[in-house]
Amino acid sequence: MSKNLKAAILLNFRIAGFAIPIITALISSFSASAQNPRFVLPIEGAYMKDYVIVNYVDWDTLGIKDYQCGSKTYDGHQGTDFTLRSFKQMDSGVFVVAVDTGEVFFVIDSLFDRNKVTNAGGLGNYIGISHSGKLQTYYAHLKRGSALVELDDFVLPGQRIGQVASSGNSTDPHLHFELYYDSLVLIDPFAGPCGNPGTYWFNPLAYVDSFGIIDYGVLNFLPTLDTLRERPPQPPIISLHDDTIAFWIHQYGIRAGDTSRIEWFDPKGNSWFDFSTPAAQDWWYYYWWSYITRPPDSLSGTWRVVYSLNNQEKASMNFEIEAPASIGKNATPSAINLVFLKNHLHIRSDKNMKRINMSLHNVNGQTVFKDSFYADAMEISVPLPLLSSGIYIVDIVTDSGALQQKFLID
């Protein structure tokens with residue numbers, strides 16, 4: 001690493017879902033083409049702006065395959081996930097509507113609705129509606145206290161019945177929609193070459209498998225995944241008191257082998273730091289972020305950060321770093337170096353290190369090792385657990401300096 005260490009972190013994940021346990025089979029021979037399309041969309045808002053579809057029904061019993069023969073699903077997924085941009089949008093209130101005329105046969109409305117990890121919570125708060133032709137629809141992961149219908153209520157197409165949230169087995173705010181025939185047989189309401197020949201939708205949503213950006217921004221602190229899910233506000237300026245500057249981006253349509261890159265440019269247009277990494281698989285709801293330590297006061301002014309995918313610029317933004325009223329004499333920061341050798345991490349400093357905090361992350365953002373200990377030396381060797389092959393990011397903070405660096409284990 002070069003001057004004034006900078007760092008990067010990334011995280012990929014999928015929206016959690018749940019299947020009703022009584023389901024016996026995915027209906028592959030049930031043809032929707034025998035009837036006219038009858039459903040309105042189950043969520044309010046503009047497609048690809050207010051929400052995206054992250055997962056469809058999985059048609060492959062051995063692997064994964066959506067109705068268009070693509071990878072926008074996961075193993076055993078039994079519904080369609082209409083996913084919001086953030087929890088901030090969820091809090092504004094996004095309504096779920098009935099897709100067809102029917103009668104409400106189930107309502108649960110009292111469960112916690114801000115889950116951010118997979119769990120055993122099932123559908124969480126959900127509403128079940130029966131329709132003509134022995135069809136049933138389920139609207140899952142709803143906001144607590146948002147139900148606008150009761151048992152035995154009669155509903156019309158487009159009638160509001162609740163709001164989107166993240167109750168039950170859910171990691172992000174989304175509507176999980178399921179369709180069944182005779183309560184037992186799962187139906188995919190979309191039509192495609194690897195699915196049903198006909199659709200149930202009046203206005204079917206386009207299948208989008210290209211790259212796109214949901215949101216991005218600059219922060220004056222190091223975010224976590226939970227932070228980004230809440231859509232934190234962007235500071236108007238990076239102040240003298242901010243130690244960290246982070247750029248984050250929320251995307252969809254990342255394909256296996258795609259290389260993401262974030263590059264920082266100082267006020268003179270010089271490249272300050274860049275970080276890149278390839279994707280190990282397809283991702284349809286993907287957070288990635290990078291951060292740097294605050295540059296010297298002499299480099300205050302207008303900075304630029306650029307995000308590129310496969311060497312093509314996709315997003316950029318300018319931000320301001322505050323200049324001090326007067327330039328004083330700055331202390332010389334400690335130089336820290338890291339060397340990975342024989343499953344040990346060797347930490348060297350040009351000053352005695354006393355208290356050391358250390359954490360190690362894989363490229364999925366998971367912490368694989370963390371420790372805090374005392375030393376009174378300029379060099380220390382830390383044994384690490386047995387690690388599988390891949391890229392790792394180590395974060396070291398001592399009373400004489402800090403460093404974050406990536407290294408590769410073959």
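Residues numbered from 1 in each chain as written. Predicted model: local features only at pLDDT ≥ 70, side-chain atom pairs only at ≥ 80, totals over all residues. Heavy atoms only, no water.

Q: In this structure, what is going on with the overall build of the chain? I would like to understand it.
A: Within the chain, the regular secondary structure consists of two helices and 24 strands. Every one of the 410 residues in the chain was classed for burial, and the buried ones make up 53%. Once local pairs closer than 6 in sequence are excluded, the contacts in the chain between residues at least 24 apart make up 70%. Total accessible area on the chain stands at roughly 18100 Å², and carbon and sulfur atoms take up 52% of it. (Helix = DSSP H or I, 4+ residues; strand = E, 2+ residues; numbered from the N terminus. Buried < 20%, exposed > 50% of the residue type's maximum accessible area, 1.4 Å probe, protein only. Contact = heavy atoms within 4.5 Å. Areas by Shrake-Rupley, 256 points an atom, 1.4 Å probe, with all protein chains shown as cover.)

Q: How do you make sense of the nonpolar core when you look at a structure like this?
A: Generally speaking, soluble globular proteins have nonpolar side chains that are buried together. Ile 43, Phe 82, Ile 129, Tyr 139, Ile 161 and Leu 175 are the most contacted members of the largest nonpolar core, which has 58 residues in total. Ignoring any residue separated from it by four or fewer positions in sequence, one finds Ile 43 in contact with Tyr 51, Phe 82, Leu 84, Val 94, Phe 95, Val 97, Val 164 and Leu 175. (Core = buried A, V, L, I, M, F, W, Y, C linked by side-chain atoms within 4.5 Å.)

Q: I'm lost on a nonpolar patch on the surface in this one. Help?
A: Where nonpolar side chains cluster on the molecular surface, the patch consists of Phe 105, Phe 106 and Leu 151 and spans about 260 Å² of accessible area. Classification of Leu 151 by relative accessible area gives exposed; the value is 51%. (Patch = residues over 30% accessible without salt bridge, like charges linked within 9 Å, V, L, I, M, F, W, Y side chains within 5 Å. Salt bridge = Lys/Arg side-chain N within 4 Å of Asp/Glu carboxyl O.)

Q: So what exactly am I meant to see when it comes to the side chain of Asp 66 here?
A: Mapped onto the fold, Asp 66 is located in the loop between β3 (51–55) and β4 (80–84). Of the buried charged residues, Asp 66 lacks a salt bridge, with Lys 72 as the closest side chain of opposite charge at 6.9 Å. A polar side-chain atom of Asp 66 sits 2.8 Å from the main-chain amide nitrogen of Gly 70. A distance of 2.6 Å separates the side chain of Asp 66 from the side chain of Tyr 207, its partner in a polar contact. Filtering out sequence-adjacent residues up to four positions away, Asp 66 remains in contact with Tyr 56, Val 57, Trp 59, Ser 71, Lys 72, Thr 73, Cys 194 and Tyr 207. (Lys, Arg positive; Asp, Glu negative; His and termini not counted. Polar contact = N/O pair within 3.5 Å; in protein donor to acceptor, adjacent residues only side chain to side chain.)

Q: How should the side chain of Asp 81 be read in this particular structure?
A: With respect to the helices, strands and loops of the structure, Asp 81 is situated in strand β4. In terms of polar contacts, Asp 81 uses its side chain to reach the side chain of His 176, at 2.8 Å.

Q: How do you make sense of unusual backbone geometry when you look at a structure like this?
A: Excluding glycine, a negative phi dihedral is what most residues carry, and trans is how most peptide bonds are arranged. Even without a glycine there, the phi angle at Asp 152 is positive, about 75 degrees. The topology assignment puts Asp 152 in the loop between β8 (135–140) and β9 (154–155).

Q: Can you walk me through the state of the cysteines in this structure?
A: As used here, a disulfide is simply a covalent bond connecting the sulfur atoms of two cysteines. Under the defined criterion, the tally for this structure stands at one disulfide. In this model Cys 69 forms its disulfide with Cys 194; the gap between the sulfur atoms is 1.8 Å. Across the disulfide from Cys 69 to Cys 194, rotation about the S-S bond amounts to roughly 95 degrees, and the bridge is consequently right-handed. Of this pair, Cys 69 sits in the loop between β3 and β4 while Cys 194 sits in the loop between β12 (185–187) and β13 (212–219), and the two are 125 residues apart along the sequence. Looking at Cys 69, the relative accessible area reads 40%, which means it is partly exposed. (Disulfide = S-S within 2.5 Å.)

Q: So what exactly am I meant to see when it comes to the environment of Asp 152 here?
A: Exposure remark for Asp 152: the relative accessible area of 58% places this residue in the exposed category. Placed 46 residues apart in sequence, Asp 152 and Phe 106 show a C-alpha to C-alpha distance of 8.4 Å.

Q: Explanation requested: the sheet that holds strand β18 (residues 301–309) in the structure shown.
A: Either a parallel or an antiparallel arrangement is found when strands of a sheet pair, and the pairing is made through backbone hydrogen bonds. Read from one edge to the other, the open sheet built from four strands follows the order β16-β15-β18-β19, with strand pairing classed as antiparallel. Every other strand in the sheet has two partners, leaving β16 (271–278) and β19 (312–321) as the edge strands with one partner each. Neighbouring strand axes in the sheet, compared pairwise and without regard to direction, differ in orientation by 15 degrees on average. Alignment of strand β15 (residues 259–265) against β16, held across seven bridges, turns out to be antiparallel. If you follow Phe 265 over to β16, its bridge partner there is Ser 271. (Pairing = 2+ DSSP bridges. Axes fitted to C-alpha atoms, helices over the stretch in contact; angles between N-to-C directions.)

Q: Help me understand the pattern of salt bridges in this model?
A: Evaluation of the coordinates by the stated rule reveals 15 salt bridges. A salt bridge links Glu 230 to Lys 116, with the shortest nitrogen-to-oxygen separation between them at 2.6 Å. Of this pair, Glu 230 sits in the loop between α2 (225–229) and β14 (244–252) while Lys 116 sits in the loop between β6 (102–108) and β7 (126–131), and the two are 114 residues apart along the sequence. By relative accessible area, which is 26% here, Glu 230 ends up partly exposed. With a closest N to O distance of 3.2 Å, Asp 172 and Arg 229 form a salt bridge. Pair noted here: Asp 172 is in the loop between β10 (160–163) and β11 (174–181) and Arg 229 is in helix α2, with a separation of 57 residues, a long-range link. We classify Asp 172 as buried; its relative accessible area is 1%.

Q: Can you help me understand the pairing of β7 in this one?
A: Along a regular strand, successive side chains alternate from one face of the sheet to the other. Within β7, five of the six residues are buried, leaving the element largely enclosed by the surrounding structure. In the sheet, β6 pairs with β7 via five bridges, with the strands oriented antiparallel. The partner of Glu 103 across the bridge, within β7, is Ser 130. Examined bridge by bridge, β7 and β8 share five bridges and lie antiparallel to one another. Counted as the bridge partner of Ile 129 is Thr 137 from β8. Taken together, β7 and the strand that follows it, β8, pair antiparallel across an intervening segment of three residues, in which Gly 133 is found at a positive phi of about 80 degrees.

Q: So what exactly am I meant to see when it comes to the packing of aromatic side chains here?
A: For any pair of aromatic rings, the description consists of the separation of the ring centres together with the inter-plane angle of the planes. Under the defined criterion, the tally for this structure stands at 23 aromatic pairs. Each ring, one from Tyr 67 and one from Tyr 207, has its centre 5.6 Å from the other, and the planes form 85 degrees; the classification is edge-to-face. A residue pair is termed long-range when its members are at least 10 positions apart, and Tyr 67 in the loop between β3 and β4 and Tyr 207 in the loop between β12 and β13 qualify at 140 residues. Judged by relative accessible area, Tyr 67 falls into the buried class, the value being 2%. Pairing Phe 105 with Tyr 138 gives two aromatic rings, centres 5.7 Å apart and planes at 85 degrees, and the pair type is edge-to-face. Taken together, the positions of Phe 105 in strand β6 and Tyr 138 in strand β8 put the pair 33 residues apart, joining distant regions of the chain. An aromatic cluster is defined as three or more aromatic residues linked by ring pairs; in this entry it consists of Phe 39, Tyr 56, Tyr 67, Tyr 139, Phe 177, Phe 190, Tyr 200, Trp 201 and Tyr 207. The ring of Trp 284 has Lys 72 sitting right over it, with the charged end atom 5.2 Å from the ring centre. Seen from the ring of Phe 87, Lys 116 lies directly overhead, with NZ or CZ sitting 5.2 Å from the centre. (Phe/Tyr/Trp six-rings, centres within 6.5 Å; stacked < 30°, edge-to-face > 60°. Lys NZ or Arg CZ within 6 Å of the ring centre and 35° of its normal.)

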